[in-house]
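Chains, contacts and geometry: an overview
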Amino acid sequence: KKLSVVEAGASKTLRVFKKIYPNLIHIFLNYIITFMIFPGVSLERQISFVNLSWSVVLLVTIFNIFDTVGKSLANKRSWYNKHFIFAMIWLRFIPFGLFLWLTLVKEFPVITTDYFHLILIGWFALTNGFCTGALFVLSQEKTEADEHEMMGFMMVFGLNTGIVIGTFLALTFKNIK
């Protein structure tokens, strides 16, 4: 029996989803974590050696540079497997908690220094970029050439949905101080 165009499309969508759903869930989670903290909570703390406007520019620039470096490092396929990436995403809750804590606690040796905050932003961005790139690479490896377009659509949908939900969840931290 020959499938209709709609049935063939639905069949292909389901087939691709079954292959990549763990990666899809993790990219969704990765971006919820990122957007609950960045830019909102992570930019609450002003860097003392620059004025407020430049503090925000400095922190966003550091995030963008390290995020891009992380995405570039995902090309080093021999550095990771899916279990490493999944664990790294769950470990991103550590800096998540640190950002919240740093917003509430103003004085604590070493941890509340400007340099620690800059390093934390860089590490948070590096892991965001690396996990994003790695999840796309891993998803491409799990699908056939004719499924890559559908896989890309699904992964970007998971990424964008994570951004939206993370952004709305970040509103719960709006008055944190």
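All values derive from a computational prediction rather than experimental measurement. (Residues numbered from 1 in each chain as written. Predicted model: local features only at pLDDT ≥ 70, side-chain atom pairs only at ≥ 80, totals over all residues. Heavy atoms only, no water.)

**A few points about the packing of helix H1 (residues 5–37) against helix H4 (residues 93–104)**
If you want to describe how two helices pack, look at the angle between their axes and the distance between the axes. At their nearest, the axes of H1 and H4 sit 10 Å apart, and the two run at 15 degrees to each other. Overall, the two elements H1 and H4 adopt an arrangement that is roughly parallel. In this structure, H1 crosses over H4, and the sense of that crossing is left-handed. Facing Leu29, Ile33, Met36 and Ile37 of H1, the residues of H4 in contact are Phe93, Phe96, Phe99 and Leu100. When its residues are assigned to classes, the contact of H1 with H4 shows eight nonpolar, no polar and no charged. (Axes fitted to C-alpha atoms, helices over the stretch in contact; angles between N-to-C directions. Helix = DSSP H or I, 4+ residues; strand = E, 2+ residues; numbered from the N terminus. Parallel < 35°, antiparallel > 145°, perpendicular 65-115°, else oblique. Left-handed = near helix turned anticlockwise from the far one by under 90°. Contact = heavy atoms within 4.5 Å. Nonpolar A, V, L, I, M, F, W, Y, C, P; charged D, E, K, R; others polar.)

**A word on the packing of aromatic side chains**
Applying the stated rule across the entire model yields eight aromatic pairs. With a centroid separation of 5.3 Å and 85 degrees between ring planes, the pair formed by Tyr80 and Phe130 is classed as edge-to-face. Separated by 50 residues along the polypeptide, Tyr80 in the loop between helix H2 (52–73) and helix H3 (82–91) and Phe130 in helix H5 (residues 114–142) bring together distant segments of the chain. The exposure class assigned to Tyr80 is buried, which follows from its relative accessible area of 5%. When the ring of Phe153 is compared with that of Phe157, the centres are 6.4 Å apart and the planes differ by 25 degrees; the resulting orientation is stacked. Note that Phe153 and Phe157 are positioned in helix H6 (residues 148–170) at a spacing of four residues, about one turn of the helix. Relative accessible area serves as the criterion here: at 57%, Phe153 is assigned to the exposed category. Among the aromatic residues, those joined into a cluster by ring pairs are Trp90, Phe93 and Phe96. (Phe/Tyr/Trp six-rings, centres within 6.5 Å; stacked < 30°, edge-to-face > 60°. Buried < 20%, exposed > 50% of the residue type's maximum accessible area, 1.4 Å probe, protein only.)

**Focus on the packing of H3 against H5**
At their nearest, the axes of H3 and H5 sit 10 Å apart, and the two run at 145 degrees to each other. Between H3 and H5 lies a crossing of left-handed hand. Each of Lys82, Phe84, Ile85, Phe86, Met88, Ile89 and Leu91 in H3 lies in contact with H5, whose residues at this interface are Trp123, Thr127, Phe130, Cys131, Ala134, Leu135 and Leu138. Within the contact of H3 with H5, the residues separate by chemical class into 12 nonpolar, one polar and one charged.

**Here we look at the side chain of Arg92**
Summarising the element assignment, Arg92 is placed in the loop between H3 and H4. This buried residue, Arg92, is left without a salt bridge; Asp67 holds the nearest opposite charge, at 7.1 Å. A polar side-chain atom of Arg92 sits 3.0 Å from a polar atom in the side chain of Thr34. Setting aside chain neighbours within four positions, we find Arg92 in contact with Asn30, Ile33, Thr34, Phe124, Thr127 and Asn128. (Lys, Arg positive; Asp, Glu negative; His and termini not counted. Salt bridge = Lys/Arg side-chain N within 4 Å of Asp/Glu carboxyl O. Polar contact = N/O pair within 3.5 Å; in protein donor to acceptor, adjacent residues only side chain to side chain.)

This is a description of form; function is not addressed.
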